[in-house]
Amino acid sequence: MTLTFDVRRQDPELVGPARPTPRETKRLSDVDDQQGLRKHLPFVLFYCGRGGGTGADGDDPARVVRRSLGEALVPYYPLAGRLRQVEGRKLVVDCTGEGVLFVEADAGVRLAELEATGLTPPFPCMDQLLFDVDGSDGILNCPLLLIQVTRLLCGGFVFALRLNHTMCDAAGIVQFMTAAGELARGLPAPTVTPVWSRELLDAHSPPRPSFPHHEYDPVPPTAFPPPGDMVTRTFTFRPADVAAIKKGISAAQWGSCGNGKASTTTTFEALAALIWRARTAALEIPAGEDARLAFPADVRRARGLGLPAGYYGNACVYPAAVSAAGALRGGSLGDAAELVREAKKPLAAAAAEYARSTADLLALRGRPLLALGNLFIVSDNRRAGFGLVDFGWGQPAYGGPAGAMFVLSFLVAVRSGDGGEEDAVAVPVVLPRPAMDRFASELKTMLLC
C-alpha cells in the first residue's frame, strides 16, 4: 500500500544542554572508533495521541521533547559535542556543548493511515520524517544526533533520530532516549546514571589478540553493493512461523520427525540462518566463494569485563560464521543454524576475553572495516528497548530501525495479526530487485519444507 503526505518543517535548530556542562575532551574506545561504525544510523518511533505531556508544554510533543532533550544532555553532555580525529586516526569528542540538531514538523497524515501500510520499513515519506539537514551527516565536526519530531493530524507524533554510530550502539542510544522520556514525564533525574568509562574497551599495550577474528579477515572485496535498483521489503515472522522453522531444524538434526525432541535453536539462530541461506542463494554467490554472516553481540554484562551499569558506548563485538556459498545452499537449514551457534561459542565461554581480543585486533590493524566479501550482518534489536521509550504518550506503536542496508538487516519486535495480538519478528531486507524476487521465493520454499 502506497501513501504520500505533506510534511511542513520549521528551520533546524541546535538544542544544547539546559545547564552548563564540563568543557573537556574525551577519547572514544578502540571498539567505538572502528571504521565500520563511522556512519549514521536512523531510528524511528511512532506514537498515537493518547495521554499527553506534562508541565507547561502540555500536549505539544515537539515542545515536550525539545525541553527533555536539553535536560537529558546535561548528564549526557558528550552527545552535545563534536568529534575530531587525532594522531593515529583516533577519535575524540570535544565536549563543547554546541548541541544536537532538532527539527520541528507537522505532517498531513494520521497514525491510523501509517499503520494501514504495515508500520514496518520501508516507511512512507521517511526522508521527510527525518530530513537530511545540509551539512549534518559528516562524522567529524558535525552534530552527533539529528532529531525530528513530526506532529500528526490525530494528535500523535513521529520521533525520528539519526545517530553517529561511533558514540553509541542500540542499547546506548535507547538509554539516552529513555532518560529524555523520563525527564519529559516529570522525573527529577534519569533512573540510570550515564557512565563514560570508554577506556575499558581499549586495547592492551601492546595489543595481543587472543582469538581468531574472521569478522575482520582481509578478504578480496566483492561488488558492494551490487549494481541494480535496490528495493527494501520487510518479512514478518509470526510465532507459528518461527515454530515451524525450529521444527524443520530439529528434524534435520534428529530425523524427519524430530524423534519428539524439542529444538534447542534460539529464534535468533533460526531466523539468522534462514535469511543468510536464502540471501546467499538469491544473490547467486558462486559456490566456491565464502559467504559471511556477522552479528553484533552485546558484552555489557560479560563477567570480568567490568563495564558499569549506565555505559552507553559501543559494547558489541561481531563474531562471524563463514561457509562456502555452495555448501551453505546445499546443506540443510540445521547446518546453517549450527554455523551460527559455533560462531557464538567464544562469547558463551569467554565474552570478556573475546571483547578485549577484538579491541586488540582493531588497534593492531588500524581499526579496519569488517570483511566485506559476501558479508551479511544481522542485528537483533528486539530487546534493545526502543518499544519502551515513553515521552508521556505511552509506548510507541513501532520503535526501532528506520530501515536496513544492503549489508545489514535487523530483527525487530512488532505486533501482528488483525488486532495486533501476536508478538512477531519483522526483518527488513535490502536487495537488488531481481534478487529480492529470488529471496522471497527461497524463503517460501524453505518455510514449506
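This is a predicted model, so every value here is computed, not measured. Along each chain, residue indices are assigned from 1 in the same order as the chain's sequence is written. Two thresholds apply to this predicted model, a pLDDT of at least 70 for residue-level local features and 80 or more for giving and counting side-chain atom pairs, whereas whole-chain, interface and lining totals are computed over all residues. Working from all heavy atoms in the structure, the side-chain values ignore hydrogens and water.

Details of the pattern of salt bridges
Phase 1: Salt bridge, as applied in this entry: a Lys or Arg side-chain nitrogen positioned within 4 Å of an Asp or Glu carboxyl oxygen. Counted according to the given criterion, the structure contains 27 salt bridges.
Phase 2: Of the charged contacts, one joins D60 and R63 as a salt bridge, the two residues approaching to 2.6 Å between their closest N and O atoms.
Phase 3: Note that K90 is salt-bridged to D202, the shortest N-O span being 3.7 Å. Of the two residues, K90 is situated in strand β6 (residues 90–94) and D202 in the loop between α4 (170–184) and β10 (230–237); the sequence distance between them amounts to 112 residues.
Phase 4: To sort residues, take the accessible area from a 1.4 Å probe on protein chains only and compare it with the maximum for the residue type: under 20% means buried, over 50% means exposed, and anything in between is partly exposed. Here D202 falls in the partly exposed class, since its relative accessible area comes to 26%. Numbered from the N terminus, helices here are DSSP runs of H or I no shorter than four residues, and strands are runs of E no shorter than two.

Observations concerning the sheet that holds strand β17 (residues 408–416)
Phase 1: What makes two strands pair is DSSP finding at least two bridges between them. Reading across from one edge, β10-β18-β17-β15-β11-β14 is the order of the six strands in this open sheet, with mixed pairing throughout. Every other strand in the sheet has two partners, leaving β10 and β14 (320–324) as the edge strands with one partner each. Within the sheet, the average angular offset between the axes of one strand and its neighbour, ignoring direction, is 25 degrees.
Phase 2: As paired strands, β10 and strand β18 (residues 422–432) are joined by eight bridges and run antiparallel to one another. Its bridge partner lying in β18, F235 is registered against V427.
Phase 3: Throughout, a contact is declared for two residues whenever any of their heavy atoms are within 4.5 Å. Axis definition: a line fit to C-alpha positions, over the contact stretch in the case of helices; interaxial angles, taken between N-to-C directions, run 0 to 180 degrees. The strands that helix α6 (residues 267–282) touches are β10, β11 (290–294), β14, β15 (375–380), β17 and β18; relative to β15, the one it contacts most, it runs at about 155 degrees.
Phase 4: Packed onto the sheet, helix α8 (residues 333–364) meets β11 and β14 and runs at close to 140 degrees relative to β14.

Some details on the nonpolar core
Phase 1: Core analysis: the largest hydrophobic core is formed by 59 residues, its most contacted members being F5, V44, F46 and L114.
Phase 2: When residues of this core are assigned to their parent elements, the largest contribution, eight residues, is made by α8.
Phase 3: When neighbours within four sequence positions are excluded, L114 is seen to be in contact with L3, F5, F46, V109, L119, P124 and L152.
Phase 4: Working definition of a nonpolar core: buried Ala, Val, Leu, Ile, Met, Phe, Trp, Tyr and Cys residues. They are joined through side-chain atoms within 4.5 Å. In this structure, F43, F102, M167 and V174 belong to the second largest nonpolar core, which totals 48 residues.

Examining the confidence of the model for the chain
For any part of a model where pLDDT is low, the fine detail of the predicted coordinates should not be relied upon.
Phase 1: Scored from 0 to 100, pLDDT records how confident the predictor is in each individual residue. Chain-level pLDDT for the chain is 92 on average; 93% of the residues reach the 70-or-more range.
Phase 2: Below a pLDDT of 50 lies the segment residues 52–56, which in the model reaches 12 contacts outside its immediate sequence neighbourhood of four places, other chains included.

Concerning the sheet that holds β6
Phase 1: Strands sit in the order β3-β6-β5 across an open sheet of three strands; the sheet is antiparallel. Edge strands, defined here as strands with exactly one partner in the open sheet, are β3 (25–27) and β5 (82–86). Shown here is a sheet whose adjacent strand axes are inclined to one another by a mean of 35 degrees, direction ignored.
Phase 2: Relative to β6, β5 runs antiparallel, the two being bridged by five bridges. Along β6, the bridge assignment pairs L83 with V93.

Some remarks on the pairing of β15
Phase 1: Among the six residues in β15, five count as buried, and that is most of the element.
Phase 2: With three bridges joining them, β11 and β15 adopt parallel strand pairing. Bridge assignment links A294 to a residue of β15, and that residue is I377.
Phase 3: Pairing between β15 and β17: four bridges, direction parallel. In the strand pairing of β17, S379 is matched with F410.

Side note on helix α1 (residues 61–72)
Phase 1: For a helix, the expected span equals 1.5 Å multiplied by the residue count minus one. For α1, which comprises 12 residues, the first-to-last C-alpha distance of 16 Å matches the rise-based estimate of 16 Å (1.5 Å per residue) to within 8%.
Phase 2: Three or more residues of α1 are buried, namely P61, A62, V64, V65, S68, L69, G70 and A72.
Phase 3: Whenever a nitrogen or oxygen atom comes within 3.5 Å of another N or O atom, the pair is scored as a polar contact, on the condition that within protein one atom can donate a hydrogen and the other can accept it, and that pairs from neighbouring residues in sequence are kept only if both atoms are in side chains. Between a side-chain oxygen at the N-terminus of α1 and the backbone nitrogen of A62 the separation is 3.0 Å; the capping residue is D60.

Notes on the environment of H213
Phase 1: Along the chain, H213 falls in the loop between α4 and β10.
Phase 2: According to the relative accessible area criterion, H213 is buried, its value standing at 4%.
Phase 3: For the pair formed by H213 and R329, sequence separation is 116 residues and the distance between their alpha carbons is 24 Å.
Phase 4: The residues contacting H213, other than those within four sequence positions of it, are Y354, S357, T358 and L361.

Points about the packing of α6 against α8
Phase 1: Axis separation between α6 and α8 bottoms out at 8 Å; the angle between their running directions is 120 degrees. Taken together, the axes of α6 and α8 are oblique relative to one another. In this structure, α6 crosses over α8, and the sense of that crossing is right-handed. Residues F268, E269, A273, L274, W276 and R277 of α6 pack against L333, A336, A337, L339, V340, R341 and K344 of α8.
Phase 2: Its residues placed into classes, the contact of α6 with α8 shows nine nonpolar, no polar and four charged. The cut-offs work like this: below 35 degrees is roughly parallel, past 145 is roughly antiparallel, 65 to 115 is roughly perpendicular, and the gaps in between are oblique. Two helices crossing with the near one rotated counterclockwise from the far one by less than a right angle form a left-handed crossing, whereas a clockwise rotation gives a right-handed crossing. In this count, Pro and Cys sit with the nonpolar residues alongside Ala, Val, Leu, Ile, Met, Phe, Trp and Tyr, while Asp, Glu, Lys and Arg are called charged and the others, Gly among them, polar.

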